[in-house]
Amino acid sequence: MEKPMMKSQKTSISLRLAVILFVAFMQFGNNSSAMEANIKAAKAKSPWKGQIPMVENLDTNTLVEKGYARAVFAGGCFWCMQGPFDVLEGVKMTRAGFAGGKEVNPSYEDVAYGRTSHTEAVEIWFDEKLISYDSLVEVFWQSMDPTDLKGQFADQGAHYRPVIFAMNKVQLKIAEISKADLVKSMRFKDPIVVPIEEYTNFYPAEEYHQFYYLKNPTHYYQYRSGSGREGFLNRYWKK
């Protein structure tokens, strides 16, 4: 078992977050209209028309009974990985949480301070008649940095490592082909290092983390920009 973080390590994390928010504030301070436009767009695209569902009340057995498939991806901060999938037609529900570790029912604090072997992830329930797993994998690539195995953007550490968790052999093959195609595209000069692993578990995060981009849009966009994610994605995918 990993040792709990020392006070100095927790302070380091707090200082890093403060730097991220300061950079974001400076970037948006002279361009508040850009942030307002992003917030307005996010709310407009929300599939729940302003009524954000309570994940803690979600009955996954009902989703299974309806024949919906499931996908799990890790791409750094789960705040930033939920929104890109929510707006896709055919996606029925998403949950931010933790995956791939050995510990049962981890808390956000345990994962964030490196006391578990989990990584932040997003779970997607989708209707395969309306959207394919291939399409979800493509959205995954366009939402994160596939060249960084140690974390994502300003968030570094094993609990921010990127992973595609394949639910079955079909998803595994699709993900492998998609990854090979991305390598062949030469879009990135650095190697594509995201591992494709067999799914083992997923634990939903606390309710306040769910749909964070809708609940706290101002802070979310400040964080997304200040962490470096927004600029990176625009650089490689905007065109």
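Residues numbered from 1 in each chain as written. Predicted model: local features only at pLDDT ≥ 70, side-chain atom pairs only at ≥ 80, totals over all residues. Heavy atoms only, no water.

A full pass over the atoms with the stated rule returns 15 aromatic pairs. Relative to Trp-141, the ring of Phe-140 lies with its centre 5.3 Å away and its plane at 55 degrees, an arrangement referred to as tilted. Here Phe-140 and Trp-141 have matching classes, each one buried. Taken together, the ring pairs connect Phe-73, Phe-85, Tyr-133, Phe-140 and Trp-141 into an aromatic cluster. (Phe/Tyr/Trp six-rings, centres within 6.5 Å; stacked < 30°, edge-to-face > 60°. Buried < 20%, exposed > 50% of the residue type's maximum accessible area, 1.4 Å probe, protein only.)

Moving on: the nonpolar core. Nonpolar side chains tend toward joint burial in soluble globular proteins. Judged by nonpolar contacts, the single largest core of 27 residues is most densely connected at Phe-73, Leu-136 and Trp-141. For this core, the secondary structure elements donating two or more residues are strand S1 (69-74), helix H4 (79-86), strand S3 (119-126), helix H6 (133-141), helix H7 (169-185) and helix H10 (229-237). The element contributing the most residues to this core is H6, with six residues. Every residue in contact with Trp-141, bar those within four places of it in the chain, is listed here: Pro-146, Ile-164, Ser-178, Lys-179, Leu-182, Ile-192, Val-194 and Trp-237. The next biggest cluster of nonpolar side chains, apart from the first, holds 20 residues, and it includes Phe-78, Tyr-212, Leu-214 and Tyr-221. (Core = buried A, V, L, I, M, F, W, Y, C linked by side-chain atoms within 4.5 Å. Helix = DSSP H or I, 4+ residues; strand = E, 2+ residues; numbered from the N terminus. Contact = heavy atoms within 4.5 Å.)

This next bit is on the packing of H4 against H6. Two elements in contact, H4 and H6, have axes whose closest approach is 10 Å; the angle formed by their N-to-C orientations is 140 degrees. Taken together, H4 and H6 sit at an angle that is classed as oblique. By crossing handedness, the relation of H4 to H6 is classed as right-handed. Between H4 and H6, the contacting residues are Met-81, Pro-84 and Phe-85 on the first element and Leu-136, Val-139 and Phe-140 on the second. Residue classes in the contact of H4 with H6 are distributed as six nonpolar, no polar and no charged. (Axes fitted to C-alpha atoms, helices over the stretch in contact; angles between N-to-C directions. Parallel < 35°, antiparallel > 145°, perpendicular 65-115°, else oblique. Left-handed = near helix turned anticlockwise from the far one by under 90°. Nonpolar A, V, L, I, M, F, W, Y, C, P; charged D, E, K, R; others polar.)

Covalent bonding between the sulfur atoms of two cysteines is what defines a disulfide. One pass over the full model with this rule turns up zero disulfides. The thiol sulfur of Cys-77 is not disulfide-bonded, and the nearest other cysteine sulfur, from Cys-80, lies at 4.5 Å. What makes Cys-77 buried here is its relative accessible area of 5%. (Disulfide = S-S within 2.5 Å.)

Looking now at the environment of Glu-123. As for its position among the elements, Glu-123 is in strand S3. Taking the C-alpha atoms as reference points, Glu-123 and Arg-95, separated by 28 residues in sequence, lie 5.1 Å from one another. Residue contacts for Glu-123: discarding those within four places in its chain leaves Arg-70, Ala-71, Val-72, Met-93, Thr-94, Arg-95 and Phe-202. There is a polar contact of 2.8 Å between the side chain of Glu-123 and the side chain of Arg-70. Polar contacts involving the side chain of Glu-123 include one to the side chain of Arg-95, which spans 2.6 Å. (Polar contact = N/O pair within 3.5 Å; in protein donor to acceptor, adjacent residues only side chain to side chain.)

With that out of the way, let us pick up unusual backbone geometry. With a phi close to 50 degrees, Asn-105 is a non-glycine residue in the positive phi region. Relative to the assigned elements, Asn-105 resides in the loop between strand S2 (91-99) and helix H5 (108-112). Even without being a glycine, Met-186 presents a positive backbone phi close to 60 degrees. Mapped onto the elements, Met-186 comes out in the loop between H7 and strand S7 (196-198).

Time to look at the pairing of S1. Burial of S1 is extensive: five of the six residues sit out of reach of the surface. Both S1 and strand S6 (residues 163-166) contribute to a ladder of three bridges, which runs antiparallel. Looking at the pairing, Val-72 lines up with Phe-165 of S6. (Pairing = 2+ DSSP bridges.)

Spatially, six strands are ordered S7-S6-S1-S3-S2-S8 in an open sheet, and the strand pairing comes out mixed. Unpaired on one side and paired on the other, S7 and strand S8 (202-204) mark the two borders of the sheet. On average, adjacent strands in this sheet sit at an angle of 35 degrees to one another, irrespective of strand direction. Relative to S1, H6 is tilted by about 15 degrees, and along the sheet it contacts S1, S2, S3 and S6.

Within the protein chain, residue pLDDT values average 86, and 79% of them lie at 70 or more. Of the regions scoring below 50 in pLDDT, residues 1-16 engages in 17 contacts with residues more than four places distant in sequence or in other chains. Predicted confidence is poor over residues 19-30, with pLDDT under 50, and the contacts of this stretch with residues over four places away or in other chains come to 18 contacts. (pLDDT = per-residue confidence, 0-100.)

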